There are 2 protein chains.
Amino acid sequence: MTQSQTETTSTARDEGRAAVTVALANDYEVVVQGLERMLAPYGVRVEVAELDMNMPVGQPVDVTLYDTFSQPQVDRDAIDRILASPWAGKVVVYTWNVQAALVSTALEKGVAGYLSKTLSAEELVDALERVHRGEVVVLTGDPDDEPGEDDDHEPSEGPTAGDWPGREQGLTAREAEVVALITQGLSNQEIAERSYLSINSVKSYIKAAYRKMGVDSRTKAVLWGVEHGLTPDRGRRIVR
Amino acid sequence: MTQSQTETTSTARDEGRAAVTVALANDYEVVVQGLERMLAPYGVRVEVAELDMNMPVGQPVDVTLYDTFSQPQVDRDAIDRILASPWAGKVVVYTWNVQAALVSTALEKGVAGYLSKTLSAEELVDALERVHRGEVVVLTGDPDDEPGEDDDHEPSEGPTAGDWPGREQGLTAREAEVVALITQGLSNQEIAERSYLSINSVKSYIKAAYRKMGVDSRTKAVLWGVEHGLTPDRGRRIVR
DNA sequence: CGAGATCCCACCCCTACAGGTGTGGCGGGG
DNA sequence: CCCCGCCACACCTGTAGGGGTGGGATCTCG
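Reference entry: report on the structure contained in this document. All values reported here derive from a predicted model rather than from experimental measurement. Throughout this document, residue positions are counted from 1 along each chain, in the order its sequence is written. Both sets of labels track the order of writing: A upward for chains, 1 upward for ligands. Side-chain atom pairs in this predicted model are given and counted only at pLDDT of 80 or more, local residue features only at pLDDT of at least 70, and totals for whole chains, interfaces and linings cover all residues. Calculation of side-chain values draws on the structure's entire complement of heavy atoms; hydrogens and water are dropped beforehand.

1. Focus on the protein's contact with DNA strand C
In this text, near means that some heavy atom of the residue lies within 4 Å of the molecule or strand in question. Taken together, 17 residues lie near DNA strand C, and Arg 218 of chain A together with Thr 172, Arg 174, Ser 201 and Tyr 205 of chain B sit nearest. Within 4 Å of the protein, the contacting atoms of DNA strand C are 67% sugar and phosphate, with bases supplying the remainder. Whenever two N or O atoms come within 3.5 Å, that pair is a polar contact, provided that in protein one can donate a hydrogen and the other can accept it, and provided that, for residues adjacent in sequence, both atoms are side-chain atoms. Within the contact set of DNA strand C, a phosphate oxygen lies 3.2 Å away from a backbone nitrogen or oxygen of Asn 188 of chain A. Between DNA strand C and Lys 203 of chain A there is a distance of 3.1 Å, counted from a base oxygen to a side-chain nitrogen or oxygen. Helix and strand definitions here come from DSSP, where helices need a minimum of 4 consecutive H or I residues and strands a minimum of 2 consecutive E residues; each element is numbered from the N-terminal end. Every element with two or more residues in the surface near DNA strand C is listed here: helix H8 (199-213) of chain A together with helix H6 (173-183) and helix H8 (199-213) of chain B. Broken down by element, the surface near DNA strand C gets its largest block of residues, 4 residues, from H8 of chain B. Under this grouping Gly is polar, as are all residues other than the nonpolar Ala, Val, Leu, Ile, Met, Phe, Trp, Tyr, Cys and Pro and the charged Asp, Glu, Lys and Arg. In terms of residue class, the surface near DNA strand C is built from 4 nonpolar, 8 polar and 5 charged.

2. Overview of helix H9 (residues 218-227) of chain A
Note on exposure labels: buried denotes an accessible area under 20% of the residue type's maximum, exposed denotes more than 50%, and partly exposed covers the range between, all computed with a 1.4 Å probe on protein chains only. For H9 of chain A, the complete set of buried residues consists of Thr 219, Ala 221, Val 222, Leu 223, Trp 224 and Gly 225 of chain A. Residues count as neighbours in contact if any of their non-hydrogen atoms are within 4.5 Å of one another. Looking at the buried positions of H9 of chain A, the neighbouring elements they touch are helix H6 (173-183) and H8 of chain A together with H6 and helix H9 (218-227) of chain B. Once H9 of chain A finishes, Gly 229 of chain A follows within two positions and takes phi at roughly 80°, a positive value.

3. Considerations on the relation of the copies chain B and chain A
All copies are superposed by least squares; the fitting set is the C-alpha atoms of residues with a pLDDT of at least 70 in both. When chain B is fitted to chain A, the best match, at an RMSD of 0.0 Å, comes from turning it 179° and sliding it 0.1 Å along the axis. Put plainly, the chains are arranged around a two-fold axis. Closest approach to the rotation axis among the C-alpha atoms of chain B is made by Thr 219 of chain B, whose C-alpha sits 3.0 Å away. Most of the interface of chain B is mirrored in chain A, where 100% of its interface residues again form contacts.

4. Notes on the pattern of salt bridges
Take a side-chain nitrogen of Lys or Arg and a carboxyl oxygen of Asp or Glu: if they are within 4 Å of each other, that pair is a salt bridge. The tally for this structure, following the rule as stated, stands at 32 salt bridges over all chains. Between Arg 45 of chain B and Asp 126 of chain B there is a salt bridge, and its shortest N-O distance comes to 2.6 Å. Note that Arg 45 of chain B is positioned in the loop between helix H2 (29-39) and strand S2 (46-53) and Asp 126 of chain B in helix H5 (residues 121-132), a separation of 81 residues in sequence. Across the pair Glu 177 of chain B and Arg 174 of chain B runs a salt bridge whose closest N-O atoms are separated by 3.3 Å. Of this pair, Glu 177 of chain B and Arg 174 of chain B both sit in helix H6, 3 residues apart, which is roughly one turn of that helix. Per residue, the accessibility class of Glu 177 of chain B equals that of Arg 174 of chain B, and both read buried. Each of Arg 45, Glu 122, Asp 126 and Glu 129 of chain A takes part in a single network of salt bridges with overlapping partners.

Next comes the structure, spelled out in C-alpha cells:
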C-alpha cells in the first residue's frame, strides 16, 4: 500500500520529465552492482545506463556517479579524467570522505555533487535529480548542511547500504576498503593518504579485518583479497 | 648422424623391454611440462603417463618423479602421501636440495631414488630405468657418488635444465622458487626452513628477484607472482 | 691459460614497515 | 545500558628489505 502510494507520488511529481540517465563508476563490479540494485526501485526517476569498472564512460549520460570505494579521491587525477569526458554529463562523487578540503577541491574541479554514503537511496536519487536540474549539491550528512533549506527530513525509504567486496565475509565497508587497497599493493602509509585516515586508524582496520579474514600477515591478506574479489575489475556493462 | 647412432644404441640396449611409465608430480604446471619436454626425446625408454599438479597419481605407473620446486621436502608429509599411493610405483625425488640428512630421510621413508637437478636428461633417464629395475639410486651430483661404479662419464646428451615459472621473466630457478614460496604466503623464516637455506640466503634471493621483477615490497611481489604463474596449479593431465 | 660473468650460497649493518596489545571517544540503534 | 562501526592513539616487537661484501663452481671468450 505504502509502496504503491510512493509510486503514485513519484509519478505525479515527475510527470512529463524523462528519467536521469546515470553511469556508475568504480573499479569493483560488486560496488557498481550494489549501486545499481540500490537505484533499481527508482527506475522511473533514475535510469542506470552503464556500469564502468576501470573504463571511461562509453555513451552520453546525464550524470556520472563516482563511488570512491578503494579509489583515488578527488584530489587525484582520476576524477579529472571523468570530468574531461564529453559523455560523462554532470559528475557526482559518492563517498565516506566528507572532509571540507575534499569538498572544496571537488567543487573547484567542477564536480556537481558531493554526497555522503550515509544518505538513503531516496536522498541519493533526489540529489541526482537536483544535479541534473543544474544545482550543485553537497550533502555530507552533517545536520548543518544546506541551512534553511528543505527541512522535511522524514524517514526516507530505501536501503542506505550499497555493496562492497568482502561484505559477505563479514568485512565492514571501511575494513574492506583498506583490504582492497592492500590488495592493490599499497603500504599502510599510502593507504592512510589515499583514504584520508590516520596511520593508526589504518592499522586498527587492518587488525580487525585480519581477524575476520583469518590471516596474520599481509602476504596472506593479499592472497585472501585476490581470492575474494578484492582486486580491481575492468570492464563496462551497458544496461541501456 | 650422432643422433641416429644414439638411437640405434638405445634401441639395441633396450630391446624387448617396455618403457618405464612415469608420473610427474609438482604443483606448477610449467615445472611438470618442463620435465615432460626434457624426457620427450627418450620416449622409447621413459613414457610420461600423466602430469599431477596438487593431485594424487591417477593410474598405475612404474615410477613417480617428484620435483621439489617450491614443494615440501622429504622431511614433510607430502612425500608420504605419494609413497602411500598404491599406484605411484617407485618414488623418485628430483631436487636441488641434496643435503645428506634429506637423502637419508628419503631412503628411510622408502624413496627409491634421490636425484640432483644437476643431472643431464640422459642421466635422469638412466636413473629412472635403474630404479624401475629395483635399484635404489642416489645421485647428488657429487663426484664421489657411487664410488667405483660406472666411470664412463662421457658428456651426456640432452638438456640439463627443466623449466620453472618466472623463467621467461629472467628469474633463476632458486629466485623463482623463493618467489613462489612468497606467493604461497610463507615468511622469510618459513622459506628458509622449507628450502634448506639460511635466512640470509633467502634475503639475498629476494633482493635479486625483486630487482628483476621491478617490485619493492612483498605485497607487490605477491601480486607479481599471481600474475606470472607463481601460484600453485591444480589438476592432472593424462598423457597415456 | 686467465678474466669475466653467472648462479648458488652466505654474511653484516642498519632502517623501514608491519603487526600485536591495549586504550579511548563519538554516534547510532536495540 | 550494550553493541557495533568509525576513528584515533601509545608502546613495543617482529619482519622485511636496502646496501654492501665475499667464496666456490661452472662456463665462455680472448
